[in-house]
Amino acid sequence: MSECDRAWLEHVDAMRYEAPGEALSLLLPQMSRVRPHLHPLFFGVCGSTYRILAGQSERVEPLLEQARQQILFGQWIAKKRSDPLALADLYQRYMYVELDSGALERALVCAERAAAIYDRNGNRPGRGKALVDQGLCLYYLGKPQEAITSTETALRLLPESERRNRFSAYQILGLCCLEVGEHQAAMEYTRFAERLVPSRSFEGKLRWLQARISLKLLDLDSAENYFLAAADIFFDLHLGEAALASCELARVQLLQGRLDDAWKSATLVRKLVVPLAPYPAVAAALADLLRGGRAALTLALVNDVKRQIEEARERREWRSLRNLS
């Protein structure tokens, strides 16, 4: 594919999920070579890439501000060119910036604007994608039933080729059904999602969701297997999530009365203690888990360490715990 055409931009747009730094290094030198009709897409992809980078860095606000400026400039161009479908795409991209900023209501408005534009232009797949985005916003706003309605409609509109968006729809439905206590339905949706997993990071989140659902179904064997799968994935991707998954795994094994296996799972975090030294809250929690040895490992201790790590998860330092390398 030739550089700077639509196919190239869509290729870079796809790679930003796993390699945002590399994607940005490809994009920025090409700015002057992009044809005018592709300017909205170019700035949209740049903005979305800055947003992904913000999610992996302690420099959250500067990178999110870069994302805002890039996407808003793309919106201005799309309006000047009277390009409604490009504008709808940019509203969707801006929605995720608002979501990452914690502006849930504003994020929902962006998704609704995108859906309205797609609907006026008879673009069913676009409207489906925007309804998935609405479902995500509604879930975070604590409106799971409305999210279910939006996301089920999205699935009727999205073609089978839209694998990433269909995966997101099924995962949102799993989360919402878990929230409202429909645990069997939640698990069924995750089984649809696992046929469409777009990357290992998405698979890790899915396995974690399946583990949570299994706990609600009192299926401890399945919960153990799913937490083990999540831990295996996150040891390659995110130090903090790997530590938390290891605690969850030990907790499930203790609930089954399997102290030896629980201690084996707890000791998985030894390899994380040194890399996590710059992050005292998480490192201290892991030290607490290991300090007393096998004899001191109790459900109360694991729950306390799990709570400490979950508290660290809410801090900005969590963003920089990605990747053991």
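For clarity, every value in this text was computed on a predicted model and none was experimentally measured.

Moving on: the packing of aromatic side chains. For any pair of aromatic rings, the description consists of the separation of the ring centres together with the inter-plane angle of the planes. Per the stated rule, a full pass over the model turns up 10 aromatic pairs. Aromatic ring contacts, followed pair by pair, group Phe42, Phe43, Phe73 and Trp76 into a single cluster. Against the face of tyrosine 17 rests arginine 164, its NZ or CZ located 3.9 Å from the ring centre. Above the face of the phenylalanine 235 ring, lysine 271 is positioned so that its terminal group lies 5.2 Å from the ring centre.

Our focus in this paragraph is the side chain of lysine 306. Tracing the backbone shows lysine 306 in helix α17 (residues 299-313). Judged by its relative accessible area of 15%, lysine 306 is buried.

Two elements in contact, helix α8 (residues 144-157) and helix α9 (residues 163-179), have axes separated by 9 Å at closest approach and are oriented at 155 degrees. Taken as axis vectors, α8 and α9 run roughly antiparallel relative to one another. Like other packed secondary-structure pairs, α8 and α9 cross with a definite hand, here left-handed. Packed against α8, whose contacting residues are Pro144, Ala147, Ile148, Thr151, Glu152 and Leu155, the element α9 presents Arg166, Ala169, Tyr170, Ile172, Leu173, Cys176, Cys177 and Glu179 at the interface.

Our next topic: the packing of helix α4 (residues 60-80) against helix α5 (residues 84-100). At their nearest, the axes of α4 and α5 sit 9 Å apart, and the two run at 160 degrees to each other. By the angle class used here, α4 and α5 are roughly antiparallel. When the axes of α4 and α5 are compared, the crossing they make is left-handed. Facing α4, whose interface residues are Leu64, Ala67, Arg68, Ile71, Leu72, Gly74, Gln75, Ala78 and Lys79, α5 presents Ala86, Leu87, Leu90, Tyr91, Arg93, Tyr94, Val97 and Asp100. In the contact of α4 with α5, the residues fall into 11 nonpolar, two polar and four charged.

It is worth spelling out unusual backbone geometry at this point. Despite not being glycine, serine 82 has its phi angle at roughly 50 degrees, a positive value. Topologically, serine 82 is positioned in the loop between α4 and α5.

The set of residues buried in helix α2 (residues 20-27) consists of Pro20, Ala23, Leu24 and Leu27. In a view along the axis of α2, the buried residues occupy a sector of 95 degrees, so they form one face of it. Along its buried surface, α2 packs onto α1 (6-15) and α3 (39-54).

This paragraph deals with the nonpolar core. Within the largest apolar cluster, 98 residues are counted, with the highest numbers of intra-cluster contacts made by Leu272, Leu276, Leu286, Leu289, Leu297 and Ile309. Here the element with the most residues in this core is helix α13 (residues 239-255); it accounts for 10 residues. Grouped together as the second largest cluster of nonpolar side chains are 14 residues, Met15, Ala23, Leu27 and Phe42 included.

Before going further, it helps to examine α9. Its 17 residues give α9 an end-to-end C-alpha distance of 24 Å, which sits within 8% of 24 Å, the value for a rise of 1.5 Å per residue. The element α9 is largely enclosed, with a buried count of 13 among its 17 residues. One or two steps after α9, the chain reaches glycine 181, where phi turns positive at roughly 85 degrees.

Turning to the environment of phenylalanine 234, a few remarks are in order. Here phenylalanine 234 shows up in helix α12 (residues 220-237). Here the alpha-carbon distance between phenylalanine 234 and leucine 99, two residues 135 residues apart in the chain, equals 23 Å. The contacts of phenylalanine 234, once residues within four sequence positions are left out, are Gly204, Lys205, Trp208, Leu239, Glu241 and Ala242.

Reading guide: rules and limits
Residues numbered from 1 in each chain as written. Predicted model: local features only at pLDDT ≥ 70, side-chain atom pairs only at ≥ 80, totals over all residues. Heavy atoms only, no water. Phe/Tyr/Trp six-rings, centres within 6.5 Å; stacked < 30°, edge-to-face > 60°. Lys NZ or Arg CZ within 6 Å of the ring centre and 35° of its normal. Helix = DSSP H or I, 4+ residues; strand = E, 2+ residues; numbered from the N terminus. Buried < 20%, exposed > 50% of the residue type's maximum accessible area, 1.4 Å probe, protein only. Axes fitted to C-alpha atoms, helices over the stretch in contact; angles between N-to-C directions. Parallel < 35°, antiparallel > 145°, perpendicular 65-115°, else oblique. Left-handed = near helix turned anticlockwise from the far one by under 90°. Contact = heavy atoms within 4.5 Å. Nonpolar A, V, L, I, M, F, W, Y, C, P; charged D, E, K, R; others polar. Arc of directions from axis to C-beta. Core = buried A, V, L, I, M, F, W, Y, C linked by side-chain atoms within 4.5 Å. Expected span 1.5 Å × (residues − 1).

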